[in-house]
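Understanding the architecture of this molecule
Now for the letters of each chain:
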Amino acid sequence: MKFRPCIDLHSGQVKQIVGSTLTDDKSQKESAAQSSIGDDLATNFATDRPASSYAEMYLRDELTGGHVIMLGPGNTDAAKSALAAYPGGLQVGGGITTANAKEWLDAGASHVIVTSYVFHNGQIDLKRLHSLVDLIGKERLVLDLSCRRKPDDADGTGPYY
């Protein structure tokens, strides 16, 4: 068994978010804004400790193969601080495109993780994938094949996307 550490960032803060409660769906955001809580995001854990402190701990404990994931905007500084604390020791994902992939590698990421940039409507965009490979090389690219059932799949028998 191998432990792979992770640092998930939301609004610049290290958090463990309950699956599927983070959304960019406008209708859900409007609904959340009208609720008494003001946000439908559920977390198992949140801390004021900076992302870099976790990266330093992972480096000290010789944990390899970990990642930093930027969940939405406002995470760039925290992610870069973690990469600087453990250069070459963490992968980075969240909003990675051909416009910024090299920048993240230069900032200390061992690899970049891409999902939505290369997948559209359940299909891989080979043009985008090839442009990333040409830019940074296949050795430094991780494709995240996360999937879930379609929201309108009431009986749970339909395809994943």
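Structural data are supplied above this passage.
Residues numbered from 1 in each chain as written. Predicted model: local features only at pLDDT ≥ 70, side-chain atom pairs only at ≥ 80, totals over all residues. Heavy atoms only, no water.

1. Considering the packing of helix α2 (residues 51–60) against helix α3 (residues 76–85)
Think of two packed helices as two axes; the pair is described by the angle between the axes and how far apart they sit. The contact between α2 and α3 brings their axes to 8 Å, and the two run at 25°. Classified by the interaxial angle, the pair formed by α2 and α3 is roughly parallel. Regarding α2 and α3, the two cross each other, and that crossing is right-handed. Contact with α2, carried on its side by A51, S52, A55, E56 and L59, involves A78, S81, A82 and A85 of α3 and no other residues of that element. Among the residues forming the contact of α2 with α3, the class breakdown is six nonpolar, two polar and one charged. (Axes fitted to C-alpha atoms, helices over the stretch in contact; angles between N-to-C directions. Helix = DSSP H or I, 4+ residues; strand = E, 2+ residues; numbered from the N terminus. Parallel < 35°, antiparallel > 145°, perpendicular 65-115°, else oblique. Left-handed = near helix turned anticlockwise from the far one by under 90°. Contact = heavy atoms within 4.5 Å. Nonpolar A, V, L, I, M, F, W, Y, C, P; charged D, E, K, R; others polar.)

2. Here we look at a nonpolar patch on the surface
A cluster of nonpolar side chains, contributed by I124, L126, L143 and L145, occupies part of the molecular surface with about 350 Å² of accessible area. Mapped onto the elements, L145 comes out in the segment after β9 (141–143). Judged by relative accessible area, which is 62%, L145 ranks as exposed. (Patch = residues over 30% accessible without salt bridge, like charges linked within 9 Å, V, L, I, M, F, W, Y side chains within 5 Å. Areas by Shrake-Rupley, 256 points an atom, 1.4 Å probe, with all protein chains shown as cover. Salt bridge = Lys/Arg side-chain N within 4 Å of Asp/Glu carboxyl O. Buried < 20%, exposed > 50% of the residue type's maximum accessible area, 1.4 Å probe, protein only.)

3. Here we look at the sheet that holds strand β2 (residues 13–17)
Pairing between sheet strands relies on hydrogen bonds along the backbone, with the strands arranged either parallel or antiparallel. Read across the open sheet, the seven strands follow the order β3-β2-β1-β4-β5-β6-β9; overall the sheet is mixed. The open sheet terminates on both sides in strands that have one partner only, identified here as β3 (43–46) and β9. On average, each strand axis in the sheet is tilted by 30° relative to the strand beside it, whichever way the strands run. Bridge count for β2 against β3 is three bridges, and the pairing is antiparallel. Looking across to β3, one finds that Q16 is bridged to F45. Sheet strands touched by α3: β1 (6–10), β4 (66–70) and β5 (90–93). Its angle to β4, the strand with the most contacts, is close to 165°. Helix-sheet contacts for helix α5 (residues 126–136) involve β6 (112–114) and β9, and the interaxial angle to β9 is about 155°. (Pairing = 2+ DSSP bridges.)

4. Observations concerning the environment of P87
Among the structural elements, P87 can be located in the loop between α3 and β5. Counting along the chain gives 28 residues from P87 to L59, while the straight-line C-alpha distance between them is 9.1 Å.

5. Remarks on the pairing of β1
Relative to β4, β1 runs parallel, the two being bridged by four bridges. Residue L9 lies in a different strand from β4, and its bridge partner there is M70. As paired elements, β1 and β2 share two bridges and run antiparallel to each other. Counterpart to L9 in the pairing with β2 is V14. Linkage of β1 to β2, two consecutive antiparallel strands, is achieved through a turn of two residues, within which S11 is found at a positive phi near 55°.

6. Section: unusual backbone geometry
Residues other than glycine seldom take positive phi values, yet S11 does so here, at roughly 55°. Within the secondary structure layout, S11 lies in the loop between β1 and β2. Overall, S11 belongs to the exposed group, its relative accessible area being 53%. Although it is not a glycine, E62 sits at a positive phi angle of roughly 55°. Tracing the chain through its elements places E62 in the loop between α2 and β4. Assessed through its relative accessible area of 67%, E62 is described here as exposed.

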